[in-house]
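Observations on the model geometry
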Amino acid sequence: MSLKDRLREDSIVHLKAGNELEKTTLRNILSAIGTKEKSGKNPSELNDQDVENLLRKEVGNREETAQLAAKDGRTELAERELAEAAFISTYLPKMLDEAEARGIVEKVMAELAADHELSMKDMGQAMKLVGAEIAGRFDGKAVSQMVRAKLG
């Protein structure tokens, strides 16, 4: 089942259960997905990675709104935005810690080193392979530095 299908099914479940926050949040997310799919010159269906990226952006937007609301003394709005961000985060894969990310980098670099002596020319290929495994679950700049340290 795709992530988008899971979001649709969960929205129905929360609608029937009367969970207002979850229902409204999922409706907003599904609406954002629909808008994204229909926008541009060539409308296309979002894949799971695209939906994950959209969810990360929505979490960030809500956290930013919560910060601004808290700064303005609007604690109810801030709490609601943080609750929505936490709920949306449940649909995202678990973020990696530094040790897990470093382990993935080590494994990929060992696989690449099995073929030939590694140099900075292998940076692109290494980042492509590491990026496929980490896929937004760790800071890309930090991953790049780890790969560069292995090549340098």
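Conventions adopted
Residues numbered from 1 in each chain as written. Predicted model: local features only at pLDDT ≥ 70, side-chain atom pairs only at ≥ 80, totals over all residues. Heavy atoms only, no water. Helix = DSSP H or I, 4+ residues; strand = E, 2+ residues; numbered from the N terminus. Rg over C-alpha atoms; globule rule 2.2 N^0.38 Å. Buried < 20%, exposed > 50% of the residue type's maximum accessible area, 1.4 Å probe, protein only. Expected span 1.5 Å × (residues − 1). Contact = heavy atoms within 4.5 Å. Phe/Tyr/Trp six-rings, centres within 6.5 Å; stacked < 30°, edge-to-face > 60°. Domains from an automatic or database assignment.

The helix and strand inventory of the protein stands at seven helices and zero strands. Against the globule reference of 15 Å for 152 residues, the protein gives a C-alpha radius of gyration of 20 Å, more extended than a compact globule. Each principal axis of the C-alpha distribution contributes one length, and for the protein these read about 60 × 40 × 30 Å. Across the 152 residues of the protein, 35% fall into the buried class.

The α-helix advances 3.6 residues per turn, and as a result positions three or four apart in sequence lie on the same side. Counted at 1.5 Å a residue, the expected span for helix H7 (residues 140-151) with its twelve residues is 16 Å, and the 16 Å between its end C-alpha atoms agrees. Buried positions along H7 lie against helix H5 (98-113) and helix H6 (123-134).

Summed over all chains, the structure comprises one aromatic pair. On the basis of an interplanar angle of 85° and a centroid distance of 5.6 Å, the ring pair of Phe87 and Tyr91 is categorised as edge-to-face. Comparing Phe87 with Tyr91, the two get one shared label, buried.

Turning our eyes to something else, we now look at the domain arrangement of the protein. Domain boundaries in the protein define domain 1 (3-90) and domain 2 (98-150). Of note, the centres of domain 1 and domain 2, computed from C-alpha atoms alone, are 31 Å apart.

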